[in-house]
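Observations on chain architecture
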Amino acid sequence: MDRIKVSLLGSTGMVGQKMLTLLQYHPYIDVVNLSASMSKKNSKYRDVVNWVEHGDIPEKYRNMELVSTDPEDHKNVDYVLSALPPEAAEETEIKLIKNGINVISNASPYRMDENIPLINPELNYDHLNLLKNRDTKFVKNPNCTSTIMSMPLNEILKLDYKKITMTTLQAISGAGYTGLPYMSIDDNIIPYIHGEEKKIPAEISKMFGFVNENKIINRSLNMFVTSVRVPVKVGHMGIINVEFNEDPDIEKLKSNLSAFNPLKKFNNLHNAPVNPIIIHNEENRPQNMIDLNNGMEVHMGRFEYRDHNLRFIVLGDNLIRGAAGITILTLETMKEMNLL
Ligand SMILES: NC(=O)c1ccc[n+]([C@@H]2O[C@H](COP(=O)([O-])OP(=O)(O)OC[C@H]3O[C@@H](n4cnc5c(N)ncnc54)[C@H](OP(=O)(O)O)[C@@H]3O)[C@@H](O)[C@H]2O)c1
């Protein structure tokens with residue numbers, strides 16, 4: 001398969017718009033169908049989208065007529081990329097799969113299903129091998145916070161750790177464009193995000209799980225998460241504390257994190273960052289305003305080690321590393337692994 005034809009569900013939402021922005025110049029992925037909620041079917045994309053991405057609506061998508069989410073409208077594609085809200089995704093995605101249409105999805109339903117790979121490509125692209133003998137492929141992206149916070153854990157979990165404690169400071173866009181009323185978050189911090197504190201450790205346990213025959217066995221992790229909504233548009237930050245049984249070599253850990261790039265063995269990964277983890281040594285970094293630049297990288301800083309405890313900060317773009325970017329990177333990786 002030289003070129004890959006895709007449909008995009010939820011194309012008018014925050015993740016959908018980011019996906020179109022990233023795909024507009026893609027060398028081998030073509031978006032051939034767009035859809036949104038049913039009432040917008042047959043409308044031109046430009047007439048019904050509330051475009052909030054930088055710049056104009058990409059020229060090639062402006063005049064496309066929206067289709068429905070029904071399988072009949074997606075028989076002409078190799079993959080459906082879904083940025084549907086959970087309620088809509090649950091039924092729609094299964095219907096597509098039952099009709100033999102491959103799906104890569106950002107939505108939460110079925111993320112924890114032991115037969116469905118939950119992919120953050122650098123961490124667990126090998127889980128995609130579960131799809132080898134399946135006629136129809138169903139892949140899930142982790143939640144945006146799980147995706148970003150899990151990136152440094154690959155190196156941490158190799159060490160003799162006792163407990164991971166994480167506080168996440170999550171941007172407003174993580175709740176979707178209409179997810180949070182302005183009055184509830186302007187000049188405010190909300191110390192609770194429904195479902196996140198259970199979802200994050202569960203999903204990270206699955207990402208670091210082991211493939212056993214046709215399913216994934218979750219890895220047991222000792223992790224405690226507190227999730228907080230902060231009045232920032234884009235970018236989830238995490239303050240992570242790892243308690244160790246034995247003193248680790250912190251400089252070696254930092255150098256392993258900087259060198260972490262398991263995907264470099266593949267060619268043609270258009271969305272893979274050269275350095276997936278960037279370490280900042282300045283004491284006031286990483287910052288949303290300075291370090292996030294529409295990239296797939298995860299930024300780290302503020303390393304401090306004392307009394308068997310290592311504290312560091314992690315920051316990533318929830319719409320790119322946390323959603324649109326990894327959907328595309330997963331598809332690219334599947335192509336390189338001959339899994340399409
Ligand atoms: N935002 C993030 O940082 C982030 C990160 C990771 C994962 N996710 C997940 O990605 C998905 C999309 O998130 P988002 O932030 O882009 O949400 P959003 O801004 O609310 O967009 C939702 C999209 O789905 C469409 N839609 C809503 N109900 C529908 C239905 N019944 N049938 C068909 N289409 C429907 C909407 O179309 P209309 O314009 O017609 O309403 C819109 O295109 C969610 O599952 C979310 O949990 C989001």
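Everything that follows concerns the structure shown earlier in this document.
Summary of the structure given here. (Residues numbered from 1 in each chain as written. Predicted model: local features only at pLDDT ≥ 70, side-chain atom pairs only at ≥ 80, totals over all residues.)

The helix and strand inventory of the chain stands at 12 helices and 13 strands. The C-alpha radius of gyration computed for the chain amounts to 20 Å, which stays within 12% of the reference 20 Å derived for 340 residues, consistent with globular compactness. Taking the principal axes of its C-alpha atoms as reference, the chain extends roughly 60 × 50 × 35 Å. Counting across all 340 residues of the chain, residues that qualify as buried make up 43%. Contacts in the chain between residues at least 24 apart in sequence constitute 72% of all its contacts with a sequence separation of at least 6. (Helix = DSSP H or I, 4+ residues; strand = E, 2+ residues; numbered from the N terminus. Rg over C-alpha atoms; globule rule 2.2 N^0.38 Å. Buried ≥ 20, exposed ≤ 12 C-beta atoms within 10 Å, placed from the backbone. Contact = placed C-beta atoms within 7 Å.)

The subject of this paragraph is the site of the ligand. Taken together, 30 residues lie around the ligand, and Gly10, Gly13, Ser37, Cys144 and Gly176 are the ones closest in. The two domains that each donate at least three residues to the shell around the ligand are domain 1 (4–143 + 323–336) and domain 2 (144–317). (Near = placed C-beta within 6 Å. Domains from an automatic or database assignment.)

Our focus in this paragraph is unusual backbone geometry. Here Arg285 and Pro286 are connected by a cis peptide whose omega angle stands at 0°. Positive phi, normally seen in glycine, also occurs at His308, with a value near 70°. With respect to the helices and strands, His308 occurs in the loop between strand 12 (298–306) and strand 13 (309–316). On the basis of neighbour counts, which here come to 14 C-beta atoms within 10 Å, the residue His308 falls in the partly exposed class.

Strand pairing in a sheet is mediated by backbone hydrogen bonds. Such pairs are either parallel or antiparallel. One open sheet accounts for five strands, arranged 2-1-3-4-5; its pairing is parallel. Each edge of the open sheet is held by one strand with a lone partner, namely strand 2 (29–35) and strand 5 (138–140). Here the average twist between neighbouring strands, direction ignored, is 20°. Note: strand 3 (residues 79–82) against strand 4 (residues 103–105), three bridges, orientation parallel. Bridge pairing links Leu81 to Ile104 in strand 4. Each of strand 1 (4–9), strand 3, strand 4 and strand 5 touches helix 4 (residues 86–98); the most contacted strand, strand 4, lies at about 160° to it. Helix 12 (residues 320–336) contacts strand 1, strand 2, strand 3, strand 4 and strand 5 of the sheet and is inclined by roughly 145° relative to strand 4. (Pairing = 2+ DSSP bridges. Axes fitted to C-alpha atoms, helices over the stretch in contact; angles between N-to-C directions.)

In this section: the nonpolar core. Judged by nonpolar contacts, the single largest core of 73 residues is most densely connected at Leu8, Met19, Val80, Val314 and Ala324. Looking at which element gives the most residues to this core, the answer is helix 12, with eight residues. Split by domain, this core shows at least three residues from each of two domains, domain 1 (4–143 + 323–336) and domain 2 (144–317). With near-sequence residues (within four places) excluded, Ala324 lies in contact with Val15, Lys18, Met19, Leu22 and Leu319. (Core = buried A, V, L, I, M, F, W, Y, C linked by C-beta atoms within 7 Å.)

This brings us to helix 9 (residues 196–207). Given 3.6 residues to a turn, an α-helix orients residues that are three or four positions apart in the same direction. Look at helix 9: 16 Å from first C-alpha to last across 12 residues, which is about the 16 Å you get at 1.5 Å a residue. Burial analysis of helix 9 places nine of its 12 residues in the buried class, the great majority of the element. The complete set of buried residues in helix 9 reads Glu196, Lys199, Ile200, Ala202, Glu203, Ile204, Ser205, Lys206 and Met207. (Expected span 1.5 Å × (residues − 1).)

Strand order in the open sheet made by the six strands is 9-6-10-13-12-11, with mixed pairing throughout. With partners counted over all chains shown, the strands left at the sheet margins are strand 9 (223–229) and strand 11 (277–279), one partner each. Direction aside, the axes of adjacent strands within the sheet are offset by 20° on average. Pairing between strand 11 and strand 12: three bridges, direction parallel. Bridge pairing in strand 12 places Ile278 opposite His299.

Burial along strand 3 is two-sided: the face carrying Tyr79 and Leu81 and the face carrying Val80 and Ser82 are both buried. Running through helix 4, the crossover from strand 3 to the neighbouring parallel element strand 4 is right-handed. (Right-handed = clockwise from strand over helix to strand, strands pointing away.)

Read these as layout, nothing more, since geometry by itself doesn't imply function.
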